[in-house]
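Residues per chain are reported as follows:
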Amino acid sequence: MGNSDSLIFVVDTSALVGRLSFAATEVQLATTPALLEEMKRKKLDSVVQMLLNSGKLRVIEPTPSSISAVAETASVLGDLQYLSEPDQQLLALAIDLTKQGYHAVVLTNDYAIQNIASALSIKFRSVGERGIREIIKWKTYCPGCSRLFPKRTKGEPCPQCGTPLKRRAVKKEGL
Ligand SMILES: [Zn+2]
C-alpha cells in the first residue's frame, strides 16, 4: 500500500456490467468481499475471474470506522434506507483507500451511492450515464396535511391524517 496518487476505481456490480474493456487496460480496481459475491451471483464470474487473475481487481474489507462515517452521513441526508450494506461498504472502501494515499474514484450508476459520495467528498464517476450534478437531501412529507416526517419512510401512512407519505428533494447543492 501507500502508492501515492495512484488512481484506483472502486467498483460495484453496475460498473462491471458490459465492461469487458477493463481487462484490456491498465486500470486498478478494488471492491469489497460482499460486492464480489454479488458480482458472481449476477453472472459476472468470467469477467471477475479474469480481473482477479490479472491482479487488476483487489478485494478489500473496509474498516468499521469508515462504514460508520458513511452510515452517519447517509442517515443525515435521509438516504440510509436507500443504501444497502454493500453500498455503504463500497463508499467506506473509497474512504480507506483515499486515506492510504490513493486517488480513489467510485464507479457506479447508483444515484443513492453518488449522492452520499458527493456529501463525503468522495470522487465518483458513472458508467455510460451522466452522474448527478448536485447533492440531494430528501425529506419525507405528507401530501395531505403537508407536515414533514423525517424519521418515517415513503409509503407509510401519515401519523396525523393517514395519507401515504411521499419523499421529495428539499436541498440541492451544486458540485
Ligand atoms: Zn398528513
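Throughout, residues of each chain are indexed from 1 in the direction in which the sequence is written. Reporting of local features is limited, given that this is a predicted model, to residues whose pLDDT is at least 70; pairs of side-chain atoms are given and counted only at 80 or more, and all residues count toward the totals for whole chains, interfaces and linings.

## Observations regarding the overall build of the protein chain
(1) Moving on: In DSSP terms, a helix is any run of H or I states spanning at least four residues, a strand is any run of E spanning at least two, and both are numbered starting from the N terminus. For the protein chain, the count of helices and strands is 6 helices and 7 strands.
(2) Moving on: In the protein chain, the succession of helices and strands from N to C terminus is β-α-β-α-α-β-α-α-β-α-β-β-β.
(3) Moving on: Each residue is classified by how many other C-beta atoms fall within 10 Å of its C-beta atom, where C-beta atoms are placed from the backbone; a count of 20 or more means buried, 12 or fewer means exposed, and values in between mean partly exposed. When burial is assessed residue by residue, the protein chain has 35% of its 175 residues classed as buried.
(4) Moving on: Note on contacts: each residue gets a C-beta atom placed from the backbone, and two residues are in contact if those atoms are within 7 Å. A sequence separation of at least 24 residues applies to 57% of the contacts in the protein chain between residues at least 6 apart.

## Topic: the packing of helix α5 (residues 85-99) against helix α6 (residues 111-119)
(1) Moving on: For every element, the axis is a line fit to its C-alpha atoms; helices are fit only across the contacting stretch, and the angle between N-to-C directions ranges from 0 to 180 degrees. α6 packs onto α5 with a crossing angle of 35 degrees between their chain directions and a minimal axis gap of 10 Å. The chirality of how α5 crosses α6 is right-handed. Packed against α5, whose contacting residues are D87, L90 and L91, the element α6 presents A112, I113, I116 and A117 at the interface.
(2) Moving on: Taken together, the residues of the contact of α5 with α6 break down into 6 nonpolar, no polar and 1 charged. A clockwise turn of the near helix away from the far one marks a right-handed crossing, whereas an anticlockwise turn of less than a right angle marks a left-handed crossing. Amino acids are sorted into nonpolar (Ala, Val, Leu, Ile, Met, Phe, Trp, Tyr, Cys and Pro), charged (Asp, Glu, Lys and Arg) and polar (every other residue, Gly among them).

## Points about the pairing of strand β1 (residues 7-11)
(1) Moving on: Across the 5 residues that make up β1, a large majority, 4, are buried.
(2) Moving on: Summarising the sheet, β1 and strand β4 (residues 103-107) pair through 5 bridges and their orientation is parallel. Across the sheet, residue V11 finds its bridge partner in β4, namely L107.
(3) Moving on: Each pair of strands is called paired provided DSSP finds at least two bridges between the two strands. Pairing of β1 with strand β2 (residues 29-31) involves 2 bridges; the strand directions are parallel. Along β2, the bridge assignment pairs F9 with L29.

## Comments concerning the confidence of the model for the protein chain
(1) Moving on: A residue's pLDDT is the predictor's confidence in that residue, given on a scale from 0 to 100. Residue-level pLDDT values for the protein chain average 82, and 82% of them are 70 or greater.
(2) Moving on: Least confident of the elements in the protein chain is strand β7 (residues 166-174), whose mean pLDDT is 65; most confident is α5, at 95.
(3) Moving on: Note that residues 129-134 has pLDDT below 50 and, in this model, 13 contacts with residues that lie over four places away or in other chains.

## What about the packing of helix α4 (residues 64-76) against α5?
(1) Moving on: Following both chains from N to C, one finds α4 and α5 inclined at 120 degrees, their axes separated by 8 Å at the closest point. When the axis of α4 is compared with that of α5, the two are oblique. The chirality of how α4 crosses α5 is right-handed. Only Q88, Q89, L91, A92, I95 and D96 of α5 make contact with α4, whose side of the interface consists of S66, I67, A69, V70, A71 and A74.
(2) Moving on: When its residues are assigned to classes, the contact of α4 with α5 shows 8 nonpolar, 3 polar and 1 charged. Any angle that is under 35 degrees is reported as roughly parallel, and any over 145 degrees as roughly antiparallel; angles of 65 to 115 degrees are reported as roughly perpendicular and all others as oblique.

## Comments concerning α4
(1) Moving on: How far a helix is expected to stretch is found by multiplying one less than its residue total by 1.5 Å. Given a rise of 1.5 Å per residue, 13 residues ought to cover 18 Å, and the 18 Å separating the end C-alpha atoms of α4 matches this to within 8%.
(2) Moving on: Burial in α4 covers these residues: S66, I67, V70, T73 and A74. For α4, the arc enclosing every buried residue in end-on projection is 130 degrees, short of the 170-degree limit, so these residues lie on one face. Opposite its buried face, α4 presents the exposed residues P64, S65, S68, E72, S75 and V76, each directed more than 90 degrees away.
(3) Moving on: Summarising the contacts, the buried residues of α4 are in contact with α5 and α6. Regarding the arc, it is the one traced by the directions from the helix axis to the C-beta atoms.

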